[in-house]
Number of protein chains: 2
Amino acid sequence: MYLRALIGLAEDGTTTCSSEELAASAGVNSAKLRKDLSYLGSYGTRGVGYDVEYLRYQIAREIGVTHDWPVVIVGIGNLGHALANYSGFRSRGFRVVALLDADPSRHDEVVAGLDVRSFEDLESIVTEHDVSIGVIATPAVASQSVADRMVAAGITSILNFAPSVLSVPDGVDVRKVDLSIELQILAYHEQRKSVATGTEGVS
Amino acid sequence: MYLRALIGLAEDGTTTCSSEELAASAGVNSAKLRKDLSYLGSYGTRGVGYDVEYLRYQIAREIGVTHDWPVVIVGIGNLGHALANYSGFRSRGFRVVALLDADPSRHDEVVAGLDVRSFEDLESIVTEHDVSIGVIATPAVASQSVADRMVAAGITSILNFAPSVLSVPDGVDVRKVDLSIELQILAYHEQRKSVATGTEGVS
DNA sequence: AGGAGTTTGTGAACGGGAGAACAAAACGGC
DNA sequence: GCCGTTTTGTTCTCCCGTTCACAAACTCCT
Ligand SMILES: NC(=O)c1ccc[n+]([C@@H]2O[C@H](COP(=O)([O-])OP(=O)(O)OC[C@H]3O[C@@H](n4cnc5c(N)ncnc54)[C@H](O)[C@@H]3O)[C@@H](O)[C@H]2O)c1
Ligand SMILES: NC(=O)c1ccc[n+]([C@@H]2O[C@H](COP(=O)([O-])OP(=O)(O)OC[C@H]3O[C@@H](n4cnc5c(N)ncnc54)[C@H](O)[C@@H]3O)[C@@H](O)[C@H]2O)c1
């Protein structure tokens, strides 16, 4: 988030910023920001602040987005299409190298300039492009088997959009994005608001 | 997540489960599960476990998904289409009542059985359907102005997919889903793996 | 009826993130 | 060259979520 805020500041022509300004752009407390940055090193100047371009590079280097990461997306349905068409990944250091789907009727399609290919091609694509990050956008029932194949093919980081709990060997990272849960959390707070005001009490 | 795990167990015909089983389904520690459930009440039976159907209802009641929540989606581009077409929201207690977009050329379209309507209709739709939850799937530059309009119209919970920091009045909840950040976190861990093994050291 | 075996609910310990506060360091003016 | 001002880097404290561990409670078998 700090990296994104710095890119925004750089685009606005800002060359230097204080922890206070940067924290405001990122939506956090300035003490937290300074502490977070201190884990990377002492890249600021006391009395002055941080050099936007310099700090931007240091953070990018630390999180490993100085070079592009190849990514494969499996499951080119509603969500897979959106992800494939999303330009933001490219500009943030990720390059979608392949779109895979188990349904042969999808293999004719070209999405975002890429052929949708057979899931069977996973291993060869991973080897060819040295892919370590995979995105799962299949239905929940298929997600575990897709994850297993990914791991066997050599992928060691998985972003899972299916509402499922994946089990993977040690050394493989999984992050889950669960949109229904996000809405449910909002609904929970909404309900508490209405109960508090008595607008919509549930018997 | 517990609710989802319970629904899965119920579909499998399980009528009773222990904290250990349910925790495994949800991917958490069993002590944590028991403590979490204890905040809702004592719905288990010692020596036996939890009644799946009963606990399912109790959790659903607590988080407020016993009745449907109306939702509006603003920004019917790549992501908005996917969200509108997603059937999982409906089955988890959410009903998309309107799709809004600022671009008039999109207003002809019908997505998932709903007309794409003008963003100007926001206020009347919110009032008519008593909507309290809004989803923002517009570009980042538009997200703050969309959020402001939503809040003015009476929406008090926002799910934001744009990579932006929204500022809203007290009493309004915002949750942010940031897919690029998720990938960056995976890339960071990937980089650390390669540095550790010396495969891909960065000078 | 009573004891063995299970499983929940919860008190206590632990760990870590977040914020307040302040010393150290850099800059600028004179 | 020195002092006041600004802002970072870091320490200390607080608070909250997670986990362990165990007593209480329930079932089943004899
Ligand atoms: N669409 C959304 O906005 C949305 C929102 C939240 C969560 N999700 C989740 O994301 C996942 C995808 O959603 P969707 O709406 O795109 O579904 P979808 O049905 O439109 O697409 C799923 C795609 O996966 C492919 N597939 C199925 N099994 C496969 C396998 N074993 N290997 C490879 N490909 C396979 C199908 O052919 C299909 O093209 C689901 O798990 C869903 O719950 C989607
Ligand atoms: N597509 C993805 O998979 C993806 C992934 C991560 C994040 N995002 C984020 O989600 C957002 C949407 O992404 P997208 O790919 O769907 O973009 P998109 O450009 O395809 O769609 C954006 C839509 O918003 C509409 N819009 C613009 N300004 C508006 C306004 N003021 N009011 C109402 N509607 C307005 C546009 O007409 C367009 O239809 C972006 O912020 C993007 O960064 C998308």
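As the structure is a prediction and not an experimental result, all values here were calculated from the model. (Residues numbered from 1 in each chain as written. Chains lettered and ligands numbered in written order. Predicted model: local features only at pLDDT ≥ 70, side-chain atom pairs only at ≥ 80, totals over all residues. Heavy atoms only, no water.)

S.K.: Quick one: what's the story with the side chain of Ser 143 of chain A, residue by residue and with numbers?
M.R.: Along the polypeptide, Ser 143 of chain A turns up in helix H8 (residues 140–153). Not counting chain neighbours up to four residues away, the residues in contact with Ser 143 of chain A comprise Ile 136, Thr 138, Asn 160, Ala 162, Ser 164 and Leu 166 of chain A. (Helix = DSSP H or I, 4+ residues; strand = E, 2+ residues; numbered from the N terminus. Contact = heavy atoms within 4.5 Å.)

S.K.: Can you explain the side chain of Glu 182 of chain A? Please cite residues and give values.
M.R.: Looking at where Glu 182 of chain A falls in the secondary structure, it is placed in helix H9 (residues 179–197). A polar contact is formed between the side chain of Glu 182 of chain A and the side chain of Arg 175 of chain B, at a distance of 2.5 Å. The residues touching Glu 182 of chain A, leaving out its near neighbours within four places in the chain, are Leu 159, Arg 175 and Val 177 of chain B. (Polar contact = N/O pair within 3.5 Å; in protein donor to acceptor, adjacent residues only side chain to side chain.)

S.K.: Explain the sheet that holds strand E3 (residues 49–51) of chain A residue by residue, including any values.
M.R.: Hydrogen bonding along the main chain pairs the strands of a sheet, whether they run parallel or antiparallel. Residues and elements named next belong to chain A. Read across the sheet, 3 strands follow the order E1-E3-E2 without closing on themselves; strand pairing throughout is antiparallel. Both edges of this open sheet fall to strand E1 (16–17) and strand E2 (44–45), since each of them pairs with a single strand only. Sheet analysis places E2 next to E3, joined by 2 bridges and oriented antiparallel. The residue bridging Gly 44 from the neighbouring strand is Tyr 50, located in E3. (Pairing = 2+ DSSP bridges.)

S.K.: Which residues make up the protein's contact with DNA strand C, and what are the values?
M.R.: Around DNA strand C, the surrounding shell holds 22 residues, and the nearest of these are Lys 35 and Arg 46 of chain A together with Ser 19, Arg 34 and Tyr 50 of chain B. Protein-proximal atoms of DNA strand C, defined as those within 4 Å of the protein, fall in sugar or phosphate at a share of 63%. One of the side-chain N or O atoms of Lys 35 of chain A is found 2.6 Å from a base oxygen in DNA strand C. Contact distances for DNA strand C include 2.6 Å between a phosphate oxygen and a side-chain N or O atom of Tyr 50 of chain B. (Near = heavy atom within 4 Å.)

S.K.: Describe in detail the protein's contact with DNA strand D, supporting the description with residues and values.
M.R.: Around DNA strand D, the structure places 23 residues, and the nearest of them are Ser 19, Gly 47 and Tyr 50 of chain A together with Lys 32 and Arg 46 of chain B. At the protein interface, 66% of the atoms of DNA strand D within 4 Å belong to sugar or phosphate. Arg 34 of chain B is positioned with one of its side-chain polar atoms (N or O) 3.3 Å from a base nitrogen of DNA strand D. With 4 residues, helix H3 (residues 30–38) of chain B is the largest single contributor of residues to the surface near DNA strand D. For the surface near DNA strand D, a count of residues per class yields 5 nonpolar, 11 polar and 7 charged. (Nonpolar A, V, L, I, M, F, W, Y, C, P; charged D, E, K, R; others polar.)

S.K.: Residue-level account of the site of ligand 2, with values.
M.R.: Around ligand 2 lies a shell of 23 residues, among which Tyr 86 of chain A together with Leu 79, Asp 101, Arg 106 and Thr 138 of chain B are the nearest. The site occupied by ligand 2 is bordered by residues of chains A and B. Taking Leu 83 of chain A, its main chain carries an N or O atom lying 3.5 Å from an oxygen atom of ligand 2. The contact in question runs from an oxygen atom of ligand 2 to an N or O atom on the backbone of Thr 138 of chain B, over 2.7 Å. Out of a free accessible area of 820 Å², ligand 2 has 84% covered by protein chains. For the shell around ligand 2, the elements supplying multiple residues, two or more each, are helix H5 (78–85) of chain A together with helix H5 (78–85) and helix H8 (140–153) of chain B. Here the shell around ligand 2 takes 3 residues from H8 of chain B, the largest share from any one element. (Areas by Shrake-Rupley, 256 points an atom, 1.4 Å probe, with all protein chains shown as cover.)

S.K.: With reference to specific residues and values, describe the site of ligand 1.
M.R.: Ligand 1 sits among 23 residues. The nearest are Leu 79, Asp 101, Arg 106 and Thr 138 of chain A together with Tyr 86 of chain B. Lying at an intersection of chains, ligand 1 is approached by residues of chains A and B. One of the side-chain N or O atoms of Asp 101 of chain A is found 2.5 Å from an oxygen atom in ligand 1. Here Tyr 86 of chain B contributes a side-chain N or O atom positioned 2.7 Å from an oxygen atom of ligand 1. Contributing elements (two or more residues each) for the shell around ligand 1: H5 and H8 of chain A together with H5 of chain B. Looking at the shell around ligand 1 element by element, the count peaks at 3 residues for H8 of chain A. Residue composition of the shell around ligand 1, grouped by class: 16 nonpolar, 4 polar and 3 charged.

S.K.: Give me the lowdown on the packing of aromatic side chains, citing residues and values where you can.
M.R.: Tallied over the entire structure, the rule returns 4 aromatic pairs over all chains. Ring geometry for Tyr 86 of chain A and Phe 89 of chain A: centres 4.7 Å apart, planes at 90°, overall edge-to-face. (Phe/Tyr/Trp six-rings, centres within 6.5 Å; stacked < 30°, edge-to-face > 60°.)

S.K.: Give a detailed account of the nonpolar core, specifying residues and quantitative values.
M.R.: By size, the foremost hydrophobic cluster in this structure holds 46 residues, and its most contacted members are Leu 83 of chain A together with Leu 83 of chain B. Setting aside its immediate chain neighbours within four residues, Leu 83 of chain A contacts Ile 73, Phe 89, Val 135, Ala 137 and Phe 161 of chain A together with Leu 179 of chain B. (Core = buried A, V, L, I, M, F, W, Y, C linked by side-chain atoms within 4.5 Å. Buried < 20%, exposed > 50% of the residue type's maximum accessible area, 1.4 Å probe, protein only.)

S.K.: Outline the pairing of strand E4 (residues 69–74) of chain B, listing residues and values.
M.R.: Residue and element names in this part refer to chain B. Of all 6 residues in E4, 6 are buried; the element is thus mostly enclosed. Because side chains alternate across E4, one face comprises the buried residues Trp 69, Val 71 and Ile 73, and the other comprises Pro 70, Val 72 and Val 74, equally buried. Strand direction decides the pairing type here: E4 and strand E8 (residues 133–136), joined by 4 bridges, are parallel. The residue of E8 that forms the bridge with Val 74 is Ile 136.

S.K.: I'd like to hear about the relation of the copies chain A and chain B, residue by residue, with values.
M.R.: Superposition of chain A onto chain B requires a rotation of 180° combined with a translation of 0.0 Å along the rotation axis, giving an RMSD of 0.1 Å. Here the copies are linked by what is in effect a two-fold axis. Considering only C-alpha atoms, the residue of chain A closest to the rotation axis is Ala 82 of chain A, which sits at 3.3 Å. Looking at chain A, 100% of its interface residues are interface residues in chain B too, so the copies touch through the same face. (Least-squares fit on C-alpha atoms with pLDDT ≥ 70 in both.)

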